[in-house]
Amino acid sequence: MLKQGQGRVVVGFGAESIVELDDGTLLRCKTHRRTGRAVCGDQVRFRQSTPQEGVIEEILPRRNALTRTNYRGQERTLAANIDLLAVVIAAAPEPDFTLVDRYLVLAEHLQAIACLVRNKADLAQTNAELEARLSLYRALDYPIITTSATDGDGVATLAEALAGGTGILVGQSGVGKSSLINRLVPDRQTRTQALSHASGQGRHTTTETTLYPLPRGGALIDSPGIRILRLAHLSVDEIAHGYRELRPFAGQCQFRDCLHQDEPGCAVQPAVEQGRIDPRRLASFHVLLRELR
Ligand code: GDP
Ligand code: ZN
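In this report, the structure presented in the accompanying data block is examined. (Residues numbered from 1 in each chain as written. Chains lettered and ligands numbered in written order. Predicted model: local features only at pLDDT ≥ 70, side-chain atom pairs only at ≥ 80, totals over all residues. Heavy atoms only, no water.)

Around ligand 1 lies a shell of 15 residues, among which Asp122, Ala149, Gly174, Ser178 and Ser179 are the nearest. Take Val175: an N or O atom from its main chain is 3.4 Å from an oxygen atom of ligand 1. In this structure, an oxygen atom belonging to ligand 1 sits 2.8 Å away from a main-chain N or O atom of Lys177. Broken down by element, the residue count for the shell around ligand 1 peaks at three residues, all from helix H4 (residues 177–184). Class assignment for the residues of the shell around ligand 1 results in three nonpolar, nine polar and three charged. (Near = heavy atom within 4 Å. Polar contact = N/O pair within 3.5 Å; in protein donor to acceptor, adjacent residues only side chain to side chain. Helix = DSSP H or I, 4+ residues; strand = E, 2+ residues; numbered from the N terminus. Nonpolar A, V, L, I, M, F, W, Y, C, P; charged D, E, K, R; others polar.)

For the rest of this paragraph, the subject is the pairing of strand E5 (residues 53–59). Where strand E3 (residues 26–31) meets E5, four bridges bridge the pair, whose relative direction is parallel. Bridge pairing in E5 places Thr31 opposite Ile56. Sheet analysis places strand E4 (residues 43–48) next to E5, joined by five bridges and oriented antiparallel. Bridge assignment links Arg45 to a residue of E5, and that residue is Glu58. (Pairing = 2+ DSSP bridges.)

Take unusual backbone geometry next. Backbone geometry follows two general trends: most residues other than glycine have a negative phi, and most peptide bonds adopt the trans configuration. Of note, the bond from Ala92 into Pro93 is cis; its omega dihedral lies within 30 degrees of zero at -5°. A positive phi angle, near 55°, is found at Gln111, a position not held by glycine. On the basis of relative accessible area, Gln111 is assigned to the exposed category, the value being 66%. We note that Lys120 has phi near 65°; this positive angle belongs to a residue other than glycine. Along the polypeptide, Lys120 turns up in the loop between strand E9 (113–119) and helix H2 (128–139). (Buried < 20%, exposed > 50% of the residue type's maximum accessible area, 1.4 Å probe, protein only.)

Think of it this way: four donors in a tetrahedron around the metal ideally sit 109.5 degrees apart, and six in an octahedron ideally sit 90 or 180 degrees apart. Cys253 (SG), Cys258 (SG), His260 (ND1) and Cys266 (SG) make up the full set of protein donors to the zinc ion (ligand 2), lying at 2.1 to 2.4 Å. Considering all four donor atoms around the zinc ion (ligand 2), angles at the metal cover 101 to 114° and the coordination shape is tetrahedral. Counting along the primary sequence, the residues that act as donors to the zinc ion (ligand 2) give the motif C-x4-C-x1-H-x5-C. The two residues Cys253 and Cys258 agree in class, both being buried. (Donors = N, O, S within 2.8 Å, 3.2 Å for Na, K, Ca; no water. Tetrahedral: all angles 85-135°; square planar, octahedral: opposite > 155°, others 65-115°.)

This next bit is on the packing of aromatic side chains. Enumeration according to the criterion identifies two aromatic pairs in this entry. Plain terms: the ring middles of Phe97 and Tyr137 are 6.0 Å apart, the flat faces sit at 20° to each other, and that makes the pair stacked. Of this pair, Phe97 sits in helix H1 (residues 97–110) while Tyr137 is found in helix H2, placing the two residues 40 residues apart along the sequence. With a relative accessible area of 8%, Phe97 lands in the buried category. When its relative accessible area of 0% is taken as the criterion, Tyr137 is described as buried. Their ring planes at 75° and their centres at 5.4 Å tell us that Tyr243 and Phe285 sit as a pair that is edge-to-face. With Tyr243 in the loop between helix H6 (236–241) and helix H7 (268–273) and Phe285 in helix H8 (residues 279–292), this residue pair connects regions lying 42 residues apart in the sequence. Of the two residues examined, Tyr243 and Phe285, each falls in the buried class. If you follow Arg244 out to its NZ or CZ, it ends over the ring of Tyr142, 3.8 Å from the centre. (Phe/Tyr/Trp six-rings, centres within 6.5 Å; stacked < 30°, edge-to-face > 60°. Lys NZ or Arg CZ within 6 Å of the ring centre and 35° of its normal.)

Orientation of H1 relative to H8, taken along the N-to-C sense of each, is 75°, at an axis distance of 10 Å. Accordingly, the angle class assigned to the pair H1 and H8 is roughly perpendicular. Packed against H1, whose contacting residues are Thr98, Asp101, Arg102, Leu104 and Val105, the element H8 presents Arg281, Ser284, Val287, Leu288 and Glu291 at the interface. Split by residue class, the contact of H1 with H8 holds four nonpolar, two polar and four charged. (Axes fitted to C-alpha atoms, helices over the stretch in contact; angles between N-to-C directions. Parallel < 35°, antiparallel > 145°, perpendicular 65-115°, else oblique. Contact = heavy atoms within 4.5 Å.)

The next thing to look at is the pairing of strand E1 (residues 4–13). Burial analysis of E1 places seven of its 10 residues in the buried class, the great majority of the element. Alignment of E1 against E4, held across five bridges, turns out to be antiparallel. Following the sheet pairing, Gly5 is matched in E4 by Phe46. Of the pairings in the sheet, the one linking E1 to strand E2 (residues 16–20) comprises five bridges and is antiparallel in character. Note on E2: the bridge partner recorded for Val11 is Ile18. The antiparallel hairpin formed by E1 and E2 contains two residues in its connecting segment, where Gly14 sits at a positive phi of about 60°.

Membership of the largest hydrophobic core comes to 60 residues, with the highest contact counts inside it found for Leu85 and Leu116. Beyond its immediate chain neighbours, meaning those up to four positions away, Leu85 contacts Tyr103, Leu106, Ala107, Leu110, Ile113, Ala114, Cys115, Ile168 and Val170. Residues Val117, Ala149, Ile181 and Leu220 belong to the second largest nonpolar core, which totals 21 residues. (Core = buried A, V, L, I, M, F, W, Y, C linked by side-chain atoms within 4.5 Å.)

Structural data, given as structure tokens:
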């Protein structure tokens, strides 16, 4: 019997996508031009036309969307409906905390829960700088999950954090995102084959943004595209909003468009001097602002 109803896009390639139905069926679906492009994570209404194929009749409203701006400034939507953004860091490669802050700003913008994943816990290195930074984020109420993709330690805690919704792992290259995904999605290869089969011949799904249902609930989106992240589409105010500790000072500076550098009547500068705002966070805020120009 052919079905219709609601499903979730697990891979989107342009005008076609693969929709997973409630019973686990993977359906290759077309979208009409008027419907727009469905992306990974979209909730859709579909109508099945053959056992393997169907049509997306409606893309349900997105709670949020992750976009990527390419070097020409064009925006492309990579994924939708993200609940949790997990920023992975490790003792090595040396963490780039401006990048961490950039991801946290993105999470705040998406209204997604953000957490830090400290991977490679098996590497027994005491790293005072890393510990100090982690305390800073802990003080800002970002949960920190410690993992080792090599030993499997802490992976269950990460799985638990992901179980409630749809998550994505982000972070610089080499921190262990793929290794963690392989731990979280043990049947990843089988899944990739099933997706490749469902998409028809000659499709390579591994480079596409892909949603994996997790064994203990929830889902994980693997998106190679998000690894190159710029925030060019955000405004100064949106970036400032992404710094939780700056929020109480919004609108308190003498100048409405104060960038908290050395403007007279700035409310943020004294807070830095009083130790209420970490100077490294303010410095990274300024780095992100400079990128807007
Ligand atoms: P990605 O670029 O973030 O996807 O990182 P990968 O998953 O490709 O991992 C980069 C390197 O770090 C690989 O050589 C992994 O074997 C290694 N690696 C990943 N996780 C761990 C870990 O928890 N502990 C240790 N010691 N090495 C790890
Ligand atoms: Zn100011």
